[in-house]
Amino acid sequence: MKITRIRARVFEWKGETVPPQPHFCTNAMDVLWDRGDAMGSFRFHGWTVVEVETDEGVVGLGNVALAPRVAKTIIDQHLAPLVIGQDPFDYEYLWQRMYRATLAWGRRGIGMAAISGVDIAIWDVMGKALGKPVFKLLGGRTKEKIPCYASKLYHTDRETMQREAQAYLDQGFTAMKMRFGYGPKDGPKGMRENLKSVAAVREVIGEDIDLMADCYMGWNLDYARRMLPKLEPFELRWLEEPVIADDIDGYVELNRMAPMPISGGEHEFTVHGFRQLLEKKAVSVIQYDTNRVGGISVARKINAMAEAFEVPVIPHAGQMHNYHLTMASLASPMSEFFPVHDVEIGNELFYYLFEGDPEPIGGHLDLDETTPGLGLTLNTRHLDRFHIIE
């Protein structure tokens, strides 16, 4: 079997979106004075869909959610020539070839996300060629079903957040994640608003439900130091991305002093980046995303490394590329699940682009043992709501 073509298409959403709301979610832009939508640069309303075609008619599907037009250019001009004509089962060789050939500029960020998309599609090819789901290629089923947590609860008024939390309880979820709406520039008043939101959600879900909270890089070290003691009574399962990803020493300090685990890794790349996080004890929960970190070929190595350090891996976002890795790894106790809803941040676009994701039942997901590859197909029902760039 040989790879004959790499097809990268950009799908840009042109349908309706939920309008930006103030204090919707803290993020790295919050520390700057900005009169626009501070969350604007973190809305992903376009994706790159990658198809790896072979001479035996097997087509694998991958995706890139970061800077899709740039990712397409990288795949078309730089990565495709490196893998066309090669055997997809030489996946380690192909990954190293893409990585080393683009090392001067591609080892992090969009370059690595583009490599991830191609790598995910190659694993889909291998699964389809063998007639096996990808998780079987990665070691098989390590859990009967995958526990998952409902991941939304963006900051709105407290009554709305309480109704949303109750809805997740009614669906059988035993864990959920909320977002903070205020950061350093909002001062003590913003701190109080953050605490009131956490208290409101905890009031609804009680003490026996896991609650996590996401800062999305919207705090700084000083603000986080001040907030951590105030959050202790709420018994958070983890506090996510309190500072920007490059402030590794800040993570180390917070992880050492925090009354709850500190999580991160959504914006980290390759085994080298995660080795540093683990050796420095910068995080207590790893949250890579497979379509950013380097693909399945890299994610499986991080899982093995994290298992040795006894640090759990709970990938960022749901999506099939993450579910297969979670199913096959003892290092991964649960998955994130984004409920299907109107297009807001952009994570939900996955459901408009692809079909095949399992629906959670009673807070658990399962993967079909008879569906080969990742189990995804393109969703053709919504194509008229996308601007497609070939």
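See the structure printed just above.
Just so you know, these numbers come straight off a predicted model, no measurement behind them.

Engineer: Where do I start with the overall build of the protein in this structure?
Structural biologist: Broken down by element type, the protein carries 14 helices and 14 strands. Taking 2.2 N^0.38 as the reference for a compact globule, 390 residues should give roughly 21 Å; the C-alpha atoms of the protein span a radius of gyration of 20 Å, in line with that estimate. Seen through its C-alpha atoms, the protein measures out along the principal axes to roughly 60 × 45 × 45 Å. Buried residues in the protein amount to 58% of all 390 residues.

Engineer: Can you help me understand unusual backbone geometry in this one?
Structural biologist: Positive phi, close to 35 degrees, is recorded for Ala67, a residue that is not glycine. The topology assignment puts Ala67 in the loop between β3 (59-64) and α1 (68-83). Phi angles above zero are rare outside glycine, and Gln319 is one such case at about 75 degrees.

Engineer: Please clarify how the nonpolar core should be interpreted in this entry.
Structural biologist: One broad rule of soluble globular proteins: the nonpolar side chains tend to lie buried together. Of all hydrophobic cores here, the largest spans 124 residues; its most connected members are Leu231, Leu239 and Ile286. No other element matches the 11 residues that helix α4 (residues 110-130) contributes to this core. Discounting residues that sit within four places of it in the chain, Leu231 has contacts with Phe180, Leu195, Val198, Trp219, Leu236, Leu239 and Met260. Of all hydrophobic cores here, the second largest spans seven residues; its members include Tyr149, Ala175, Ile314 and Met334.

Engineer: Would you explain the pairing of strand β2 (residues 46-54) in this entry?
Structural biologist: Two faces belong to every sheet, and in a regular strand the side chains alternate between them. Counted residue by residue, β2 has eight buried out of nine residues, so it is predominantly covered. As paired elements, strand β1 (residues 3-13) and β2 share nine bridges and run antiparallel to each other. Its bridge partner being in β2, Ile3 is matched across the sheet by Thr54. Across six bridges, the pairing between β2 and β3 is antiparallel. Bridge assignment links Glu53 to a residue of β3, and that residue is Val59.

Engineer: Can you help me understand empty space enclosed by the protein in this one?
Structural biologist: Left-over empty space is what a probe sized like a water molecule reveals as it rolls over the atoms. Per the stated rule, a full pass over the model turns up three cavities of 30 Å³ or more. In this structure, the largest cavity occupies an estimated 110 Å³ of space. Counted by class, the lining of the largest cavity contains seven nonpolar, two polar and six charged residues. When its volume is computed, the second largest cavity comes out at roughly 70 Å³. Lining of the second largest cavity is provided by Glu241, Ala245, Ile248, Tyr251, Gly264, Gly265, His267, Glu268, Leu277 and Val283.

Engineer: Where do I start with the sheet that holds strand β14 (residues 386-389) in this structure?
Structural biologist: Spatially, the four strands line up as an open sheet ordered β3-β2-β1-β14, and their pairing is antiparallel. Across the chains shown, the open sheet's two edge strands, defined by having one partner strand only, are β3 and β14. Across this sheet, the average inter-strand angle for adjacent strands is 25 degrees, counted without regard to direction. Strand direction decides the pairing type here: β1 and β14, joined by four bridges, are antiparallel. Within β14, the position partnered with Phe11 by the bridge is Ile388. Where α1 meets the sheet, its contacts fall on β1, β2, β3 and β14, and the angle it forms with β1 comes to roughly 180 degrees. Helix-sheet contacts for α4 involve β1, β2 and β3, and the interaxial angle to β3 is about 155 degrees.

Engineer: For this particular structure, what's the right way to read the pattern of salt bridges?
Structural biologist: For side chains of opposite charge, pairing can occur when their charged atoms come near one another. Applying the stated criterion across every chain yields a total of 25 salt bridges. Among the salt bridges present, the one from Arg108 reaches Glu268, with a minimum N-O distance of 2.6 Å. Taken together, the residues Arg108 in the loop between α3 (103-106) and α4 and Glu268 in the loop between β8 (262-264) and α10 (270-279) connect sequence positions 160 residues apart. Judged by its relative accessible area of 34%, Arg108 falls in the partly exposed class. For Lys280, the salt bridge identified is with Asp249, shortest N-O distance 3.8 Å.

Engineer: What's the story with the packing of α1 against helix α2 (residues 91-101) in this structure? I'm lost.
Structural biologist: The description of two helices packed together rests on the angle between their axes and the distance between the axes. α2 packs onto α1 with a crossing angle of 145 degrees between their chain directions and a minimal axis gap of 9 Å. Note that α1 runs across α2; the crossing there is right-handed. On α2, the residues touching Leu79, Leu82 and Val83 of α1 are Leu94, Arg97, Met98 and Ala101. Its residues assigned to classes, the contact of α1 with α2 shows six nonpolar, no polar and one charged.

Engineer: It is not clear to me how the side chain of Asp124 should be interpreted in this structure. Could you clarify?
Structural biologist: Here Asp124 lies in helix α4. Those residues in contact with Asp124 that lie beyond four places of it in its chain are Val59, Gly60, Leu61, Val134, Gly373, Leu374 and Gly375.

Engineer: I tried to follow the packing of aromatic side chains on my own but got confused; where do I start?
Structural biologist: The description of two aromatic rings rests on the distance between their centres and on the angle between their planes. Applying the stated rule across the entire model yields 16 aromatic pairs. Relative to Phe173, the ring of Tyr168 has its centre 6.0 Å away and its plane inclined at 80 degrees; by these criteria the two rings are edge-to-face. Exposure class is identical for Tyr168 and Phe173. Each is buried. Grouping aromatic residues by their ring pairs yields a cluster made of Trp47, Tyr168, Phe173, Phe337, Phe350, Tyr351 and Phe354. A cation sits over an aromatic face here: Arg43 above Phe24, 5.9 Å from the ring centre. Sitting over the face of the ring of Tyr154, Arg179 holds its NZ or CZ atom 4.5 Å from the ring centroid.

About the criteria used
- Residues numbered from 1 in each chain as written.
- Predicted model: local features only at pLDDT ≥ 70, side-chain atom pairs only at ≥ 80, totals over all residues.
- Heavy atoms only, no water.
- Helix = DSSP H or I, 4+ residues; strand = E, 2+ residues; numbered from the N terminus.
- Rg over C-alpha atoms; globule rule 2.2 N^0.38 Å.
- Buried < 20%, exposed > 50% of the residue type's maximum accessible area, 1.4 Å probe, protein only.
- Core = buried A, V, L, I, M, F, W, Y, C linked by side-chain atoms within 4.5 Å.
- Contact = heavy atoms within 4.5 Å.
- Pairing = 2+ DSSP bridges.
- 1 Å grid on protein atoms, 1.4 Å probe; cavity = no way out; pocket = protein on both sides within 12 Å on 5 of 7 lines; lining within 4 Å.
- Points joined across faces, edges and corners; volume = space filled by probe spheres on them.
- Nonpolar A, V, L, I, M, F, W, Y, C, P; charged D, E, K, R; others polar.
- Axes fitted to C-alpha atoms, helices over the stretch in contact; angles between N-to-C directions.
- Salt bridge = Lys/Arg side-chain N within 4 Å of Asp/Glu carboxyl O.
- Left-handed = near helix turned anticlockwise from the far one by under 90°.
- Phe/Tyr/Trp six-rings, centres within 6.5 Å; stacked < 30°, edge-to-face > 60°.
- Lys NZ or Arg CZ within 6 Å of the ring centre and 35° of its normal.

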